[in-house]
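# Structural overview for review
Letter by letter, the chains look like this.
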There are 2 protein chains.
Amino acid sequence: MPRTRSALPSPVGPVRLTPDARTALRPAAATIGAGFWHERRTTNARVSLPQGPDLLESAGNLHNLRLAAGTAEGEFRGAYPFVDTDVYKWLEAASWQLAQEDDEALAAEVDRIVALVAAAQQPDGYLNTWFQLVKGGERYQDLRWGHELYCAGHLIQAAVAHHRATGRPELLDVARKFADHLDSVFGLPGSGKPLDGIDGHPEVETALVELYRETGERRYLNLAGYFVDRHGHGLLGGEAYCQDRVPLREATDVEGHAVRQLYLLAAAADLAAETGEAELRSTGERLWRAMTTTKTHLTGGLGAHHDKEDFGDPYELPNERAYCETCAAIASVQWSWRLALLTGEARYSDLIERTLFNGFLAGVSLDGERWLYVNPLQVRDGHTDTGGDQSARRTRWFRCACCPPNVMRLLASLQHYLASSDEQGLQIHQFVTGTYGTDQVRVRAETDYPWHGTIAFTVEETPADSPWTLSLRIPQWCREFRVRCGEETYDFPVDDGWLRLSRTWTPGDRVVLELVLEPRLTAADPRVDAVRGCVAIERGPLVHCLEQADHPGGGLDDIVLDPSRPLAVKHRPDLLGGVTTVVAAGRRRRIPDRGWWPYPTASGSDPEPDGEPVELTAVPYPVWANREDGSMRVWLPTS
Amino acid sequence: MPRTRSALPSPVGPVRLTPDARTALRPAAATIGAGFWHERRTTNARVSLPQGPDLLESAGNLHNLRLAAGTAEGEFRGAYPFVDTDVYKWLEAASWQLAQEDDEALAAEVDRIVALVAAAQQPDGYLNTWFQLVKGGERYQDLRWGHELYCAGHLIQAAVAHHRATGRPELLDVARKFADHLDSVFGLPGSGKPLDGIDGHPEVETALVELYRETGERRYLNLAGYFVDRHGHGLLGGEAYCQDRVPLREATDVEGHAVRQLYLLAAAADLAAETGEAELRSTGERLWRAMTTTKTHLTGGLGAHHDKEDFGDPYELPNERAYCETCAAIASVQWSWRLALLTGEARYSDLIERTLFNGFLAGVSLDGERWLYVNPLQVRDGHTDTGGDQSARRTRWFRCACCPPNVMRLLASLQHYLASSDEQGLQIHQFVTGTYGTDQVRVRAETDYPWHGTIAFTVEETPADSPWTLSLRIPQWCREFRVRCGEETYDFPVDDGWLRLSRTWTPGDRVVLELVLEPRLTAADPRVDAVRGCVAIERGPLVHCLEQADHPGGGLDDIVLDPSRPLAVKHRPDLLGGVTTVVAAGRRRRIPDRGWWPYPTASGSDPEPDGEPVELTAVPYPVWANREDGSMRVWLPTS
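What counts as what
- Residues numbered from 1 in each chain as written.
- Chains lettered and ligands numbered in written order.
- Predicted model: local features only at pLDDT ≥ 70, side-chain atom pairs only at ≥ 80, totals over all residues.
- Pairing = 2+ DSSP bridges.
- Helix = DSSP H or I, 4+ residues; strand = E, 2+ residues; numbered from the N terminus.
- Axes fitted to C-alpha atoms, helices over the stretch in contact; angles between N-to-C directions.
- Contact = placed C-beta atoms within 7 Å.
- Nonpolar A, V, L, I, M, F, W, Y, C, P; charged D, E, K, R; others polar.
- Domains from an automatic or database assignment.
- Least-squares fit on C-alpha atoms with pLDDT ≥ 70 in both.

### Quick notes on the sheet that holds strand β8 (residues 454–461) of chain B
All names here are of chain B. One open sheet accounts for seven strands, arranged β2-β6-β7-β8-β14-β10-β11; its pairing is antiparallel. Both outer strands of the open sheet, β2 (29–34) and β11 (488–490), are each paired with one neighbouring strand and no more. Strand after strand, the sheet turns through a mean of 20° between neighbouring axes, direction not considered. Sheet analysis places strand β7 (residues 442–447) next to β8, joined by six bridges and oriented antiparallel. Residue pairing for β8: R444 is matched across the bridge by T458.

### A look at the sheet that holds strand β9 (residues 468–473) of chain A
Across the sheet, six strands lie side by side as β1-β4-β5-β9-β13-β12 (chain A); this open sheet has mixed pairing. Looking at which strands have only one partner, the edges of the open sheet turn out to be β1 (26–27) and β12 (494–495) of chain A.

### A few points about the interface of chain A and chain B
Contacts between the two partners involve 57 residues from chain A, matched on the other side by 56 residues from chain B. The set of elements that each furnish at least two residues to the side of chain A that touches chain B consists of α11 (278–294), β15 (519–522) and β16 (534–539) of chain A. Counting residues per element, the side of chain A that touches chain B draws most heavily on α11(A), which supplies four residues. For the side of chain A that touches chain B, the per-class residue count stands at 23 nonpolar, 15 polar and 19 charged.

### Thoughts on the domain arrangement of chain A
Where the parts come together, the accessible area they lose is often given as the size of the interface. All names here are of chain A. Parsing chain A into structural domains produces domain 1 (35–230), domain 2 (249–366), domain 3 (420–515) and domain 4 (519–637). The C-alpha-based centres of domain 1 and domain 3 are spaced at 38 Å. Each partner contributes residues to the interface: domain 1 has four residues there, and domain 3 has six residues. Partitioned by chemical class, the residues of the side of domain 1 that touches domain 3 number two nonpolar, two polar and no charged.

### Some details on the pairing of strand β10 (residues 481–485) of chain B
All names here are of chain B. Note: β10 against strand β14 (residues 510–515), five bridges, orientation antiparallel. In the sheet register, R484 faces β14, and the bridge partner there is V512. Strand direction decides the pairing type here: β10 and β11, joined by three bridges, are antiparallel. Looking at β11, one finds that C485 is bridged to E488. Linkage of β10 to β11, two consecutive antiparallel strands, is achieved through a turn of two residues, within which G486 is found at a positive phi near 65°.

### Re the relation of the copies chain A and chain B
At an RMSD of 0.0 Å, chain A and chain B line up after a rotation of 180° and a shift of 0.0 Å along the axis. Classification of the inter-copy transformation places it as that of a two-fold axis. In this assembly, 98% of the residues forming the interface of chain A have copies in chain B that are likewise at the interface, indicating an isologous arrangement.

In structure tokens:
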């Protein structure tokens, strides 16, 4: 369609593709004006983000920057060499927020902290307070664990966000100087660069692509490509943990530390987009499928092991010890979005939707003040929490505080993951009340999704007499939908997840999509041993769970759901800020006392008595753990 | 019965109760002359034990002792402050071995290493090479992690074993000097001792009781009591990991690091035995029942979490991520044996049997050269092992090499856990080919247990005209047994696990016990989520498992057992040194490809096709992982 004028300003967010990028789709603009995500984003903007600087101050992160700048005295504070990234991620989040809404107080805090960062940078561009203060400046001696390039990566991402949002150069200058320094240090043997190395924690790779996009400086893209290529050659000892066991293009499965794997894969997708490399693209498609088929929890959560934060084996998807780090959910959204743009396929946004609503959003409390680092699918009766960062209980802040500012930055840039465009028109990936658009078209949407399934679109701006296609993602979970254009109901075919409505549009045209939101029982592949004989309750994109608070009079571990009885929907404006619950029929088993040994002969036991009927109330997983501590279950036995 | 003469020498082993000890039973002597355990103990004596000094040399443990003694130069080697204990546990194992059999080469090695230990001791009795060499001698600054008293404990146990076995004083002198030093340092506030503290890893407590038993010095018993009492008062920050969350007498469940909990409980049982304290005894009984009812794997393995080596929550008993540290199995045997002696109840030896045959013995390979630190109940198809100490693959030695010498010391002292006596007579807890006896009676036993269920006892020595009771433990797993005395078959009642045969015996009297060894399918308490819908195959005391090696043509994760078809027994002299396998009928599922998302709607999926029939061969769990690497399963789905 011909270019006319800017119906909606071009999006300010991550993944700003260059004009040369070879992707099926390009990000389109969107705004979120009301509804589910608006509420959570408002809490992010009003509570979580403003509290950031105080938390970074009391945890010592800002103090470390002042120490490195020589403007304060004392000892380095914090337990990890990557504590600077908490600051950078907060700066990135605050920048995306400022791109949407003027906020003088927030802008002043950003200015202040940007100045702290700039002052801590060393003359040659290097910046890492841990190594400057604790390690006597001994750089790049411990790439396996030092996180120096990881820190550089988050600094670069913050700087790009700050520049895109404010147009100001201060932080971008710091980032470029650091990137130039890295480019002078790292390279292949024979390149004349002193070091051939990679960081144990990928992140700098995707950041460098973004810096290339922001500055047009191709050296940064090449450096990103070098780092991606050098993983898997044993430079760090060959561990899967560090993404160093196998070269990425030869990998057949996701492995090792989940966040590291996912950040590396996001970078590979960025490179495939900007270079057009087919092998890197097919690597991403292959590994994404391996991940979703065998290593993804129902919530979209990723990572089966607490130990080494590892993906685990195929179909190893434990409930109570699911790791499902909040950061892994965020990284999964970032990677899937890049694949969605590369390929144009709806499935990537299916996973994004599931992850956003469940594995990601559970990471922050309704009040925006307490966090989960790990996101289990079960907390047992009698659970004794060992505390610490990996607790199944919400925590005000963490010693390793990677997740909270990561949540803040995704919430503050969420509108960037909702829509795309191509030559044919506009694709709507996620449903919100707000607007979607390009420089030529604007569509308004109203919905109470995910509580209700109706989404009403109104075309507000459109080129006259020029047909284009409005594509709506029909979610993978959806078994039945209706769509009306004006007064007519159409039975459109769904093309691999996309409902494509092609016509010459007129301002005021309305399209109403109705996704039927019946609650449903979900099973699992039989190889998922952890949930054999169980079902989960879902409704729309939401996974539901039982919480102890709704089931007094006993625990949850002896509850059985009756799958033959209908599920009922009950909207509860009183509960947890207003949620739709699913009510199911179940019973509480009466388990006979078999003495000291809990393993009876299979055939020899008496039949179990019926047990007491219990009405089960399943609340959406993203709002769990917002009341008193207690047990929780996603997967429920059926017999 | 009146004392006559020594029918069997009094036992040389751990838990040599003082005459004042208030227990229901006292350890009786036993020898193991042939059969299952004899073979494994022969490998221990001929392969594992003799290789110890070389392994300790190449890992640096002996080098560290020479450094501390000032007779060598170089750097401390090893990653942990407790590497000395590997030496001590080897010395203990070698001492128990020397108590049974003359072995000049082994005795010479013991002499050499005892001298190294003695030379490394500081003048005031302190000894820990890590603190002496790495920490500049800064003692007791880090009781939470320093393991100084833990090391003292293993030194003391080695010294007691060495003294009991050889009668020689060298190592006992070292241990006493260290214990005296500890007694001068640690005590309650107001006691005049400089430090009120405990070690993060219990072990010194049970060792001090044993030192009291060996020396008669009551100060050691008191110091053990002080350490036990001071756990749970927050001296180490109150963590369950360090057994510091709750005072032991108030605990309602086992918790925290499994080995630490179990060593502490062994000490509590020792104290209850020697002091007669009822509260400490009932604490042990209560916690043992909590452990077996809700936190014990079918193999007797303990510890559900890799992270913090923690017991986990009630009924949290994962398969592939079962921790089940070999040391925890050993500690469980030690604790249960003390409770068996305290109470006289058979259930404690039921758990010992199950643990010895499964969760413990799997820790060492058939060739005695390779080890498992963790003992999972499943290795998945497509398992990618991350290596290291906590690998699911056998390893030659570990960075943290606590398990191998611990296995050696239990195998070398195994005969000490087989029999007991009281005023009424002799109790036989475990069945071996060999002799059991006291200073008055001797009974010979012949059996091919656990491959066959017949155990033939012959009374060899007995007081004339003085009746006494031969008590045989009827294992908890046993549903049917027969017993013959001479030509008659009797239908004796079983008294809480004991079959009690009381009469006036004559030398040559025979008792033949036949335990019916039908293979069986075992289920689990329905709260054990990890094995819902599964059964395990057992036969006698042995848990069985499927290994990949016996099931070519596919993996194990899609195999289903048909519980309606009979189980068959097949003795396989060719396999794994000769084992009895159980053959079952099953099938390999044909799991439809459901696309990228493995969670279908529960009611909407097509019925699964039948799948291909497979004959399942279940080998005993203690011999798993002695062939090529592959998948393994204990629990098998039935539909």
